Amino acid sequence: MLSFHKVLGNIKKHSIKEVINGNTFIEVWKNTKEKDYKECYSHEYCNYCCFCSGNNYNDTKNGEYLNGGENNCYLAKIRYETGMRLRNGEDILQGMTIEERIKKT
C-alpha cells in the first residue's frame, strides 16, 4: 500500500495490526472488485494498463481510487495505439534501431 499517499493510522500509538484491522478505508479497498471501478476495464485500451488503484487514488483530485487515474489512462492509450500500429505492420522505428531512434528525438 505504499502507493497510497494516505494516512492510515499512527503506529507510534497503535500496533500495525490495530491500524490495518481497524481502518475502514483498508477494509473497503480490500473488498473492491473489478466491477466497482467506474472507468477501468471499460475501454479496449484498458488491456494495456499497468493498473494500480494507488496510482488512481494519487492521480485524482479527491483521491477517488475507483476512477481511472489520468496518467494510467494516458499511458495505456499510448501502449494500445503503439500495439495497433505494430500489428498493422507499421515500422515505428522507421528502419532504425531503438538507440538510433532515441537519438533522433
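If you're wondering where the values come from, they're calculated on a predicted model, not measured in any experiment.

Rules and cut-offs
Residues numbered from 1 in each chain as written. Predicted model: local features only at pLDDT ≥ 70, side-chain atom pairs only at ≥ 80, totals over all residues. Heavy atoms only, no water. Helix = DSSP H or I, 4+ residues; strand = E, 2+ residues; numbered from the N terminus. Areas by Shrake-Rupley, 256 points an atom, 1.4 Å probe, with all protein chains shown as cover. Lys, Arg positive; Asp, Glu negative; His and termini not counted. Charge placed at Lys NZ, Arg CZ, Asp CG, Glu CD. Core = buried A, V, L, I, M, F, W, Y, C linked by side-chain atoms within 4.5 Å. Buried < 20%, exposed > 50% of the residue type's maximum accessible area, 1.4 Å probe, protein only. Contact = heavy atoms within 4.5 Å. Expected span 1.5 Å × (residues − 1). Arc of directions from axis to C-beta. Phe/Tyr/Trp six-rings, centres within 6.5 Å; stacked < 30°, edge-to-face > 60°.

S.K.: Account for the overall build of the chain, with residues named and values stated.
M.R.: The helix and strand inventory of the chain stands at five helices and zero strands. Going residue by residue from the N terminus, the α and β elements of the chain occur as α-α-α-α-α. Principal-axis analysis of the C-alpha atoms places the extent of the chain at approximately 60 × 30 × 20 Å. Accessible surface for the chain amounts to roughly 8,100 Å². Of this, 53% is attributable to carbon and sulfur atoms. Averaged over its 16 positive side-chain charges, the chain has a centre that lies 7 Å from the centre of its 14 negative ones.

S.K.: Tell me about the nonpolar core, residues and numbers included.
M.R.: Counting seven residues, the largest nonpolar core is built from Phe4, Phe25, Tyr37, Cys40, Tyr57, Tyr65 and Leu66. Beyond its immediate stretch of four places on either side in the chain, leucine 66 contacts Thr32, Asp36, Tyr37, Lys38 and Glu39.

S.K.: Pulling in residues and values, what's your account of helix 4 (residues 70-87)?
M.R.: The terminal C-alpha atoms of helix 4, which comprises 18 residues, lie 26 Å apart, in line with the 26 Å expected from a rise of 1.5 Å per residue. Buried within helix 4 we find Asn72, Ala76 and Gly83. The buried residues of helix 4 all sit within an arc of 30 degrees when viewed along its axis, so they share a single face. Opposite its buried face, helix 4 presents the exposed residues Glu70 and Tyr74, each directed more than 90 degrees away. Positive phi shows up at glycine 89, right after helix 4, with a value of about 85 degrees.

S.K.: Account for the environment of tryptophan 29, naming residues and giving values.
M.R.: The residue tryptophan 29 is located in helix 2 (residues 24-30) in this model. On the accessibility criterion, tryptophan 29 (25% relative accessible area) is partly exposed. Distance from tryptophan 29 to tyrosine 65, taken between C-alpha atoms, is 8.8 Å for residues 36 residues apart in sequence.

S.K.: Which residues make up the side chain of asparagine 72, and what values do they have?
M.R.: Looking at the secondary structure, you find asparagine 72 in helix 4. Contacts of asparagine 72, omitting those with residues within four sequence positions, involve Cys49, Cys50, Cys52, Asn55, Asn56 and Asp59.

S.K.: Let's hear about the packing of aromatic side chains: which residues, and what values?
M.R.: Going through the model one piece at a time under the given rule, you end up with five aromatic pairs. Considering the side-chain rings of tyrosine 37 and tyrosine 41, the 6.2 Å spacing of their centres and the 75 degrees angle between planes classify their relative orientation as edge-to-face. A ring pair is formed by tyrosine 48 and tyrosine 80, whose centres lie 5.6 Å apart and whose planes are at 75 degrees; its orientation type is edge-to-face. Taken as a pair, tyrosine 48 in the loop between helix 2 and helix 3 (53-59) and tyrosine 80 in helix 4 lie far apart in primary sequence, 32 residues in all. Joined through ring pairs, the aromatic side chains of Phe25, Tyr37, Tyr41, Tyr57 and Tyr65 make up one cluster.

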